[in-house]
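Survey of secondary and tertiary structure
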Amino acid sequence: MKQKLVIIGNGMAPGRMLEHLFERAPETYDVTIFNAEPRVNYNRLMLSPVLSGEKSYQDIVTHDDDWYAANGVTLHKSARIETIDRTAKTVISATGISADYDKLVIATGSNPFIIPIPGHDLEGVLVYRDLDDVERMLAAADAGGRAVVIGGGLLGLEAAAGLKAQGMEVTVLHLMSTLMERQLDPAAGYLLEKAFEERGIDVVTQANSSEILGRDGQVSRVRLEDGTEIDAAIVVMAIGIRPSAKLAEDSGLEVGRGVVVGDDMRTSDPDIFALGECVEHRGQCYGLVAPLYEMASVLADQLIGGESLYRGSVTATKLKVTGIDLYSAGDFAEGEDREEIVLRDAAAGIYKRLVLRDNRIIGAVLYGETGDGPWFFDLLKKQLDIAEMRETLVFGQAYQGGPPLDPMAAVAALPDDAEICGCNGVCKSKIVKSITDLGLSALDEVRAHTKASASCGTCSGLVEQLLGLTLGDSYTPAAVQPLCACTDLGHDEVRRLIKAKALKSIPAVMQELEWKSSCGCAKCRPALNYYLVSDWPDEYADDYQSRFINERVHANIQKDGTYSVVPRMWGGMTSSRELRAIADVVDKFAIPAVKVTGGQRIDMLGIEKEDLPAVWADLGKAGFVSGHAYAKGVRTVKTCVGTDWCRFGTQDSTGLGIRIEKFVWGSWTPAKLKMAVSGCPRNCSEATCKDIGVICVDSGFEIHFAGAAGLDIKGTEVLGLIKTEDEVLEHIVALVQMYREQGHYLERIYKWAARIGVEEIRQQILEDTDRREAYFDRFVFSQKFAQVDPWSERVSGLDKHEFKPMATLSLEAAE
Amino acid sequence: MNAAFDGWVKVGKLGDVPRRGARCIKSGDVTIAIFRTADDRVFALEDRCPHKNGPLSQGIVHDGCVTCPLHNWVISLESGEAQGADSGRSATFKVKRTGDDILLDLRDVHRAGRR
Ligand code: SRM
Ligand SMILES: Cc1cc2nc3c(=O)[nH]c(=O)nc-3n(C[C@H](O)[C@H](O)[C@H](O)COP(=O)(O)OP(=O)(O)OC[C@H]3O[C@@H](n4cnc5c(N)ncnc54)[C@H](O)[C@@H]3O)c2cc1C
Ligand code: SF4
Ligand code: FES
């Protein structure tokens, strides 16, 4: 029988512990986790990039729902444990769920500390600990105004930089005289303060907040002890954390500042372990992941009867604010027995200080250039004698033993046991060995197999250099493909930043995202125009000069500069009246060619541009609208005759196709979107090679997607079997909207699906009802602005200039 | 005709041409595309791509260039030269702005017409 392992708290430490456990002994335990947060395990370190808009929540999930399912773990979300009954060996959650354990792990992390000054309980006083806090801050940033951050430590500064990036005015109040005084000496603290002020963030040091003032229960100002008052739409308290040990204390376990454990990670109850920030070990509590990961590895081993012990950690700190490089480790206070080496380069904004005792590094502070941080930290941890290289030590590793090395050579020169990833304690030899033994060739793979650079990410560059070094020329860095030569950003970043920074015009995107050309090129402008149309359907003013000619004039240009016109024929159905109208137009304008297309429409080819509005006017009178045969948008819905006529038809495929087409026509999509509905699996409308297809069967409708039959050939994937027509419409529309929001410009559905995963799409559209409905609603909203027939608009005079020459000169005038 | 006629004729107003866009002028068999850039400079090219005669006036205008609508060659508005790896040249015409008016040098157009 498997033993029962229960874990309280689903943070970063137990997540890592379980990975070790499942790798070493997957069959030992039945695991149940209780988490107070309503979600899976995510990388808490990356909340700051989410706040600043550089990443999304999806990007920082460590274990998704599938992971728990695959490993047989029961995860209770939104279930805070309130009682541990040590006699019955049971835990009970506030929601009334109970679970028995053989072994229990307490991993409750820590709680942000709130200074109990008057007003601390007003609406708008926030802390910075989890995703909900980030969402609250983002909501506040939407409303604008000033954010006051109390606390100039790591968290406070990351919050301040993030809120500033979101467009708020920001003031940081710090009690001490320099920022991050626990990690930085005053000189580095000063440089840091200057860097923040250069970004337009006000920093007030020696600021003792005495009261938070409110209006109607909502914060409005912060008052300092000296009487100064500062306006505040929100206040973020980031003054420190306290191990969350109350639950352990209430259960009668030994608790000091945190839950006390021995080197074997056991609490005072041998069947109960503690792990992570809630722990006190040898009198120390930790607030960084590196030591927690070391504990996680030891605990996994203990749980399967191993004998690993945890003996404490030395930690190093980095600040994750884009553009500010800062590294600190060890002890850097001044003292009798200590010497220091300082390097300053004011022009370059560099400051480095090493604190030595007996020719050994005991502390390091680096500002402005931190590349040598891990090397100094390595010397510090190993307590190596540096007497021989003392003269050049501060210049870094590249200067040791001869002329400076290039970065590659410096990495090559690192000893095998040099630590590359501080967060996860991964050394050089482990990375190199994984690359060679497992045949890894990309940063993501190294991340997956070794965890190096998987947490705060600051060592990604080093890992890439190791890849380059190990693989030589065969290594091609998987840098994001830039959208075009005007930017280094890829499509995904651009789309995310458009949303995060609420950019609503092409010039705004180019300015804010630092485009390298003055007005873009023929690659980025149409892409940006689509992204803006798709993201801000009600607010964005479509820029026709950034559309390709076909979309600008609503017809397809031909090789001789004439145009073709394809009116919409809903579901491929037509009538004698429509055919007669087409015949009349062909005669009247002497249109040279008429063709039945592959998409069940009629194409009139060879029309002069000047004639287009008149052609459309006549077609419009007969009830035709544009067929969008030119659009990166919804093209055609092909149908077959279905139950109306066919002896095999199982459903009204023609009616359903027409219904879908009438619902989605006019919508712009990343690339063209073609659909089909077939009345039975004989599939006469070829639905199984379309972007989206439906195959009707007796029991309902099979929805297909991600087929291709152009440059590539690929059969569709099945989304699922749906019972009613109404639901089919909802699913298809939601799928179209998901693709509209996520696709790269010019990326067909099958390529998008390959990139993000068919399973992910199925999960979001088929299984997650709330999401599906939200996608559906957003599509319906955007259709309000899209379902306008572009032909009739132009017949009534819009864009007249497009269809007429500006002047006709008679040359005789010049004679 | 006025004796002082110097060849320049008014062909339209700046506002007739969309920013980062073009309008055409027909003169016999020749079509001339008048381009207006984002910073309101104007250029005139024959509306024929050196590749396969694509109508350049229908392309996307960016910086000092236009991307042909048929196969994406990029043509300099100033010189008419194809950019990058492609080679070829479209005819250019003298064009200038006086206040809001766009003027074209007809003597230039005439030469093209006789070509
Ligand atoms: C008219 C038509 C051929 C015909 O006479 O039947 C046609 C004509 C063109 N197709 Fe097509 N395709 C036509 C059906 C198809 C089909 C079959 C279908 O829709 O059932 C395919 C394969 C399915 C697909 O969409 O992939 C098809 C795959 C393509 C592709 C390859 C797309 C791909 O990503 O693989 C292109 C090139 C592109 O879009 O970049 C293309 C591009 C074109 C263009 C727009 C070429 C161009 O850039 O000028 C042609 C425009 C002619 C015009 O002015 O009307 N056409 N083309 C068909 C019009 C369908 C309709 O009723 O709307
Ligand atoms: C914004 C931010 C940036 C950071 N940046 C860095 C960095 O750059 N480098 C670094 O090393 N560290 C950083 N840290 C610190 C790091 O995130 C923590 O050290 C780490 O997450 C702690 O892991 P943990 O598993 O102990 O606790 P947590 O990850 O905090 O998880 C504890 C979980 O337990 C839940 N819980 C608590 N009580 C109960 C209960 N009674 N029942 C059920 N569930 C409960 C909580 O809701 C929480 O989800 C940062 C932290 C924050 C907030
Ligand atoms: S296959 Fe399509 S793109 Fe190719 S020539 Fe025919 S119509 Fe044009
Ligand atoms: S005709 Fe202009 S690029 Fe081919």
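Residues numbered from 1 in each chain as written. Chains lettered and ligands numbered in written order. Predicted model: local features only at pLDDT ≥ 70, side-chain atom pairs only at ≥ 80, totals over all residues. Heavy atoms only, no water.

1. Comments concerning the side chain of T317 of chain A
Residue and element names in this part refer to chain A. Note on placement: T317 falls in strand β23 (residues 316–318). Residue classification places T317 among the buried residues on the basis of a relative accessible area of 7%. Ignoring anything within four residues of it in the chain, the contact list for T317 reads L154, M180, Q183, L288, L326, Y327 and S328. (Helix = DSSP H or I, 4+ residues; strand = E, 2+ residues; numbered from the N terminus. Buried < 20%, exposed > 50% of the residue type's maximum accessible area, 1.4 Å probe, protein only. Contact = heavy atoms within 4.5 Å.)

2. Section: the pattern of salt bridges
Side-chain pairs of opposite charge can arise where the charged atoms are in close proximity. Residue and element names in this part refer to chain A. In this structure the tally under the stated criterion is 69 salt bridges over all chains. Here R44 makes a salt bridge to E37, at a shortest N to O gap of 3.1 Å. Classification of E37 as buried rests on a relative accessible area of 11%. For the salt bridge of E661 with R601, the shortest nitrogen-to-oxygen distance reads 3.0 Å. (Salt bridge = Lys/Arg side-chain N within 4 Å of Asp/Glu carboxyl O.)

3. Things to note about the interface of chain B and chain A
Taken together, the contact pairs 34 residues of chain B with 33 residues of chain A. Between chain B and chain A, a total of about 2,700 Å² is buried, with carbon and sulfur atoms accounting for 60% of that surface. Together, R20, Q58 and I60 of chain B form the three largest contributors to the area buried by chain B at its contact with chain A, with a combined 24%. Scanning the region where chain B abuts chain A turns up 2 salt bridges. (Buried area = accessible area lost by both parts, 1.4 Å probe.)

4. Details of the confidence of the model for chain B
All names here are of chain B. Averaged over every residue, the pLDDT of chain B is 88; residues scoring 70 or more account for 90%. Taken element by element, the predicted model of chain B shows its lowest mean pLDDT in helix α1 (residues 106–114) (67) and its highest in strand β4 (residues 42–46) (96). Both confidence scores are given for the complex: pTM 0.58, ipTM 0.69. (pLDDT = per-residue confidence, 0-100.)

5. Here we look at the site of ligand 1
Residues and elements named next belong to chain A. Near ligand 1 lie 18 residues; those nearest to it are Q558, T597, G598, K672 and K674. Note that an oxygen atom of ligand 1 is positioned 2.7 Å from one of the backbone N or O atoms of L711. Here the residues of the shell around ligand 1 are counted per class, giving 2 nonpolar, 8 polar and 8 charged. (Near = heavy atom within 4 Å. Polar contact = N/O pair within 3.5 Å; in protein donor to acceptor, adjacent residues only side chain to side chain. Nonpolar A, V, L, I, M, F, W, Y, C, P; charged D, E, K, R; others polar.)

6. Quick look at the pairing of strand β32 (residues 593–596) of chain A
Residues and elements named next belong to chain A. One ladder, built from 4 bridges, connects β32 with strand β33 (residues 602–607); its direction is antiparallel. The residue bridging V594 from the neighbouring strand is M604, located in β33. If you look at the hairpin formed by β32 and β33, you'll find 5 residues sitting between the two strands, and Q600 has a positive phi there, around 65°. (Pairing = 2+ DSSP bridges.)

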